[in-house]
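The primary structure of each chain is shown beneath.
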Amino acid sequence: MSNPEAPLAAGPLRRAGLALVRSVKAVAWWFNSILGGNDYARYVDHLRLHHPGCEIPSERQYWRDRHAAATKNPANRCC
């Protein structure tokens, strides 16, 4: 038989668990954004929107070019 109190107890625990999962995902998204994890996707979106005929580089080539530009012009670095 089912216990009528079980769903009541499960409700707050489930909400707490979902809140915890949302918080962890938000923190992971924040770190990923700070570290540049979304930069390639934004670059591809920019190319498709503003330069539709332009060839889209691979992600590997994008990061190579980006690091080469940062090495050539270190003005934007903190260290």
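Everything here concerns the structure above.
Summary of the structure given here. Computed from a prediction, not measured in an experiment: that's the story for all the values here. (Residues numbered from 1 in each chain as written. Predicted model: local features only at pLDDT ≥ 70, side-chain atom pairs only at ≥ 80, totals over all residues. Heavy atoms only, no water.)

## Digging into the overall build of the protein chain
At step 1: When you go through the protein chain residue by residue, the secondary structure sums to 3 helices and 0 strands.
At step 2: Mapped from its N terminus to its C terminus, the protein chain presents α and β elements in the order α-α-α.
At step 3: Residues counted as buried form 9% of the 79 residues belonging to the protein chain.
At step 4: In the form shown here, the protein chain has an accessible surface area of approximately 7,100 Å², with 62% of it arising from carbon and sulfur atoms. (Helix = DSSP H or I, 4+ residues; strand = E, 2+ residues; numbered from the N terminus. Buried < 20%, exposed > 50% of the residue type's maximum accessible area, 1.4 Å probe, protein only. Areas by Shrake-Rupley, 256 points an atom, 1.4 Å probe, with all protein chains shown as cover.)

## Some thoughts on the packing of aromatic side chains
At step 1: Enumeration according to the criterion identifies 4 aromatic pairs in this entry.
At step 2: Following the ring pairs from residue to residue traces out a cluster consisting of Tyr-40, Tyr-43, Tyr-62 and Trp-63. (Phe/Tyr/Trp six-rings, centres within 6.5 Å; stacked < 30°, edge-to-face > 60°.)

## Some details on helix α2 (residues 39-50)
At step 1: Spanning 12 residues, α2 covers 16 Å between terminal C-alpha atoms, matching the ideal 16 Å at 1.5 Å per step.
At step 2: For α2, the set of buried residues is Asp-39, Tyr-40, Val-44 and Leu-47. The buried residues of α2 all sit within an arc of 135 degrees when viewed along its axis, so they share a single face. Away from the buried face of α2 by more than 90 degrees, exposed residues Arg-42 and Leu-49 are located.
At step 3: The inward-facing, buried residues of α2 contact α3 (59-72). (Expected span 1.5 Å × (residues − 1). Arc of directions from axis to C-beta. Contact = heavy atoms within 4.5 Å.)

## As for the packing of α2 against α3
The description of two packed helices rests on the angle between their axes and on the distance between the axes.
At step 1: In contact at an axis separation of 11 Å, α2 and α3 are set at 100 degrees when each is read in the N-to-C sense. In terms of their interaxial angle, α2 and α3 are classed as roughly perpendicular. Across the interface between the two elements, Asp-39, Tyr-40 and Tyr-43 of α2 pack against Glu-59, Tyr-62, Trp-63 and Arg-66 of α3.
At step 2: Class assignment of the residues belonging to the contact of α2 with α3 gives a composition of 4 nonpolar, no polar and 3 charged. (Axes fitted to C-alpha atoms, helices over the stretch in contact; angles between N-to-C directions. Parallel < 35°, antiparallel > 145°, perpendicular 65-115°, else oblique. Nonpolar A, V, L, I, M, F, W, Y, C, P; charged D, E, K, R; others polar.)

## A few points about the pattern of salt bridges
At step 1: Per the counting criterion, the structure on display carries 2 salt bridges.
At step 2: Arg-42 is the salt-bridge partner of Asp-39, the closest N and O atoms lying 2.3 Å from each other. Linking Asp-39 with Arg-42, this pair stays in helix α2, spanning 3 residues, or about one helical turn.
At step 3: We classify Asp-39 as buried; its relative accessible area is 9%.
At step 4: Of the residues examined, Arg-42 reaches a relative accessible area of 55% and is grouped as exposed. (Salt bridge = Lys/Arg side-chain N within 4 Å of Asp/Glu carboxyl O.)

From the geometry alone we can't say anything about function, so treat these as descriptive.
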